[in-house]
Amino acid sequence: MGLLSLGTPLPWKEVEKYANHVREHGITQFLHIWNNNKDKKDNVLLWGDEVEYMVVSYDDEKKSAFLSLRQAQILAALEKDEMKQRKIEDDANLALNQRIPTFHPEYGRYMLEATPGYPYTASFDDLLNVEKNMERRREIAIAHLLPNEFPVTLASYPRLGAPGQFTDPYYPATGPASRSFFLPDELINPHVRFPTLTANIRERRGSKVAINVPIFKDKNTPSPFIDPTIPYDRDIFSEDANAKNGAALPDHIYMDSMGFGMGCCCLQITFQATDIDEARQLYDQLAPLSPIFLALTAASPAWRGYLSDQDCRWNVIAGSVDDRTEEERGLKPLEHNRYVIPKSRYDSIDCYISRRPEFRDEYNDIELVKNEEIKTMLTDAGVDEALADHYAHLFIRDPIVVFSELVDQDDANSSDHFENIQSTNWQTMRFKPPPPGSGIGWRVEFRSMEIQITDFENAAFAIFIVLLTRVILSFGLNFYLPISKVDENMKVAHHRDAVLNEKFYFRKDVFAHKRNSPENVTGSETASEDATPDSEDSSSDENSSTRSFSGPAVRPPVEEEYDLMTMDEIINGKKLESPGGEDVGCDDFSFPGLVPLVQSYLDSMSIDVDTRCRLNAYTDLISKRASGELDTAASWIRKFIRGHKDYEFDSVVSSEVNYDLVRTIEKLTKGEEWDGAGASMLGGLSATR
């Protein structure tokens, strides 16, 4: 959820007048933060997750599952009880890891966001508390819902925007903010920021957003597929002509509103680093992993009542907030705008920001559009060029929502203008400076993952990413790829069953600091040796030190540093072959795999058998998803729909099919049917819990 402020939001034409003001004062605010925090060291590792829910409302007689629009009432009741509980906890001096979780609003009026009451540490006790905390959040939410409501963790709702009723209560799609053919404005969170954001994106762009997802061609799907549910002849708003003028593509599912993207749910992880350099290192090293974990958590195969031929939400959200004009999209010559901008403001990152020795300029291999005036402000104030480029790129964007009461601010003590731009650059990674006047450190946010159906799965992916950060810092790993290859991986991650059928670019030698070592050791040996807590220079898992890079004086061409690998190879390891094609048969040439790297890190830690077994249950899920032994959520949902008795193999997800799907998801959430209806996705894992 982005920055929420109270006040009077300005329409786009007024916002446009203040764009330079917001940018310049935003950078001034950042420079105050930079000067106050750039030299701070020794923050402890803290982290937290964000889980997003869709509240569904059942009508069992009609066999329908709707999206409940009671967010405001639910949140009001949650907040009231949370305040009471916090006072009780304070009076009892309750341990921080036992504090009540916190709930927040999200874009959709049917959505809830929940976070831990306090950040986690890197301790193994805290890691083992994650799933319990997620279960507690859902239990608290359920206690504040009606008997016919339930909070599901679905990445995309299959019938959002489908013909007929899909919200409770029903509203027609005739609202002036989104002007959508399919989604009513009443679906949007009523806080003034959200409808204003929706309207101003549309007005800045000069048309409605246009999202086209390829239809899944089943046995009875018409070809070409021309969607009969699009009201091409509607004439309420000027933008109604967009669809028949080419916005809606044949053989695609057409969507035309911010709600289709921002109404999705995800799993996000934020880390506080020990200092700014470590935060920048984590930003860079996690960025190449973002498409890998997008594919591995794929959970979005159905849109607007149809099965699609892709598995992920990311490009839908990118399209849903794409405020670029035709000039900025390169469709017309620049006349009124300054830049041609290759990507939506919701997309993958465009540059690395660390300049540790393992970085190479060749990794930043795509055009980086920059606001040169902003860059000059930053470099003149002493900000290094890499970070200056990062913010000069983010600040090519206009603010979308400006509140009249907040135009003039105290730049030394406020970050509202900075966050106005920063928080509406929704990228796979986010580099987050400390808020003014707080004790919070430099943070990074890992943003690509799709929400999973059960708390066990969400905990598994959250914990695995946390452990990967410890591995990166403890073993000095190097995951750098050229940004262009990361972008290609993002596109491939969307493909149907990409985990099974596609290959991804990945770095062959991740042990950068060992390249110049006189002896050759395996990845596992390197990991254990470097992380062993009994060695003199080792550090605990709470505050692992980074390792130095000692690569060769002459590095090989960048193209030789990476290869195409299957998901199984990336996650579980790969034995490289000799030029002749046979197995080399030597551990010196094996690619270790992310799960074995995590296991090597755990081997080096003094943890008890029970803790290790519980952590192994989470890594087993990751491993089996990558190998194909267990389905992704997207694959499971697709199989469920296609196997339903009422499905007609025409790509249509009917209300009855959707009802049974959501009811089954509820059972899986409660720990039921893991070895039954959910066996292909969760089979064999119930015994590990």
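Look up: the structure comes first, before these words.
If you're wondering where the values come from, they're calculated on a predicted model, not measured in any experiment. (Residues numbered from 1 in each chain as written. Predicted model: local features only at pLDDT ≥ 70, side-chain atom pairs only at ≥ 80, totals over all residues. Heavy atoms only, no water.)

## Section: the overall build of the chain
When its secondary structure is counted, the chain shows 23 helices and 19 strands. Once the C-alpha set of the chain is aligned to its principal axes, its extents read approximately 75 × 65 × 60 Å. Considering the chain as a whole, with its 689 residues, one finds that 61% of them fall into the buried category. When the accessible surface of the chain is split by element, carbon and sulfur atoms take 49% of a total near 25,600 Å². Side-chain charges in the chain split into 74 positive and 113 negative, and the spacing between the mean points of these groups amounts to 3 Å. (Helix = DSSP H or I, 4+ residues; strand = E, 2+ residues; numbered from the N terminus. Buried < 20%, exposed > 50% of the residue type's maximum accessible area, 1.4 Å probe, protein only. Areas by Shrake-Rupley, 256 points an atom, 1.4 Å probe, with all protein chains shown as cover. Lys, Arg positive; Asp, Glu negative; His and termini not counted. Charge placed at Lys NZ, Arg CZ, Asp CG, Glu CD.)

## Points about the pattern of salt bridges
Counting across every chain of the model gives 53 salt bridges. Here Asp277 makes a salt bridge to Lys41, at a shortest N to O gap of 3.9 Å. Here the residue Asp277 occupies a position in helix H8 (residues 276-286), and Lys41 occupies one in the loop between helix H2 (19-37) and strand S1 (46-59), the gap between them amounting to 236 residues. Residue Arg625 pairs with Glu457 through a salt bridge whose shortest N-O separation is 2.5 Å. With Arg625 in helix H20 (residues 609-627) and Glu457 in helix H14 (residues 455-475), this pair connects stretches of sequence that are 168 residues apart. Like Glu457, Arg625 is buried. (Salt bridge = Lys/Arg side-chain N within 4 Å of Asp/Glu carboxyl O.)

## Focus: the packing of helix H21 (residues 633-642) against helix H22 (residues 655-669)
Closest axis-to-axis distance for the H21/H22 pair is 10 Å, and the angle between their directions is 135°. Relative to H22, the element H21 is oriented oblique. The chirality of how H21 crosses H22 is right-handed. Here H21 contributes Trp636, Ile637, Phe640 and Ile641 to the contact with H22, which in turn contributes Val657, Asp660, Leu661, Thr664, Ile665 and Leu668. Each residue belonging to the contact of H21 with H22 can be placed in one class, and the counts come to eight nonpolar, one polar and one charged. (Axes fitted to C-alpha atoms, helices over the stretch in contact; angles between N-to-C directions. Parallel < 35°, antiparallel > 145°, perpendicular 65-115°, else oblique. Left-handed = near helix turned anticlockwise from the far one by under 90°. Contact = heavy atoms within 4.5 Å. Nonpolar A, V, L, I, M, F, W, Y, C, P; charged D, E, K, R; others polar.)

## Focus on the packing of aromatic side chains
Applying the stated criterion to the full structure yields 32 aromatic pairs. Note on Tyr283 and Phe431: the rings are 6.4 Å apart at their centroids and 85° apart in plane angle, and the pair reads as edge-to-face. Highlighted residues: Tyr283 in helix H8 and Phe431 in strand S14 (residues 429-432), separated in sequence by 148 residues. Taken together, Phe30, Trp34, Tyr391, Phe395 and Phe418 form an aromatic cluster joined through their ring pairs. It is Lys219 that lies over the ring of Phe649; its NZ or CZ is 4.3 Å from the centre. Of note, Arg355 hangs over the ring of Phe359, and the distance from its end group to the ring centre comes to 3.9 Å. (Phe/Tyr/Trp six-rings, centres within 6.5 Å; stacked < 30°, edge-to-face > 60°. Lys NZ or Arg CZ within 6 Å of the ring centre and 35° of its normal.)

## Topic: helix H19 (residues 594-603)
The buried fraction of H19 amounts to eight of the ten residues, a majority that puts the element mostly inside the structure. Among all positions in H19, only Leu594, Val595, Leu597, Val598, Gln599, Ser600, Tyr601 and Leu602 are buried.

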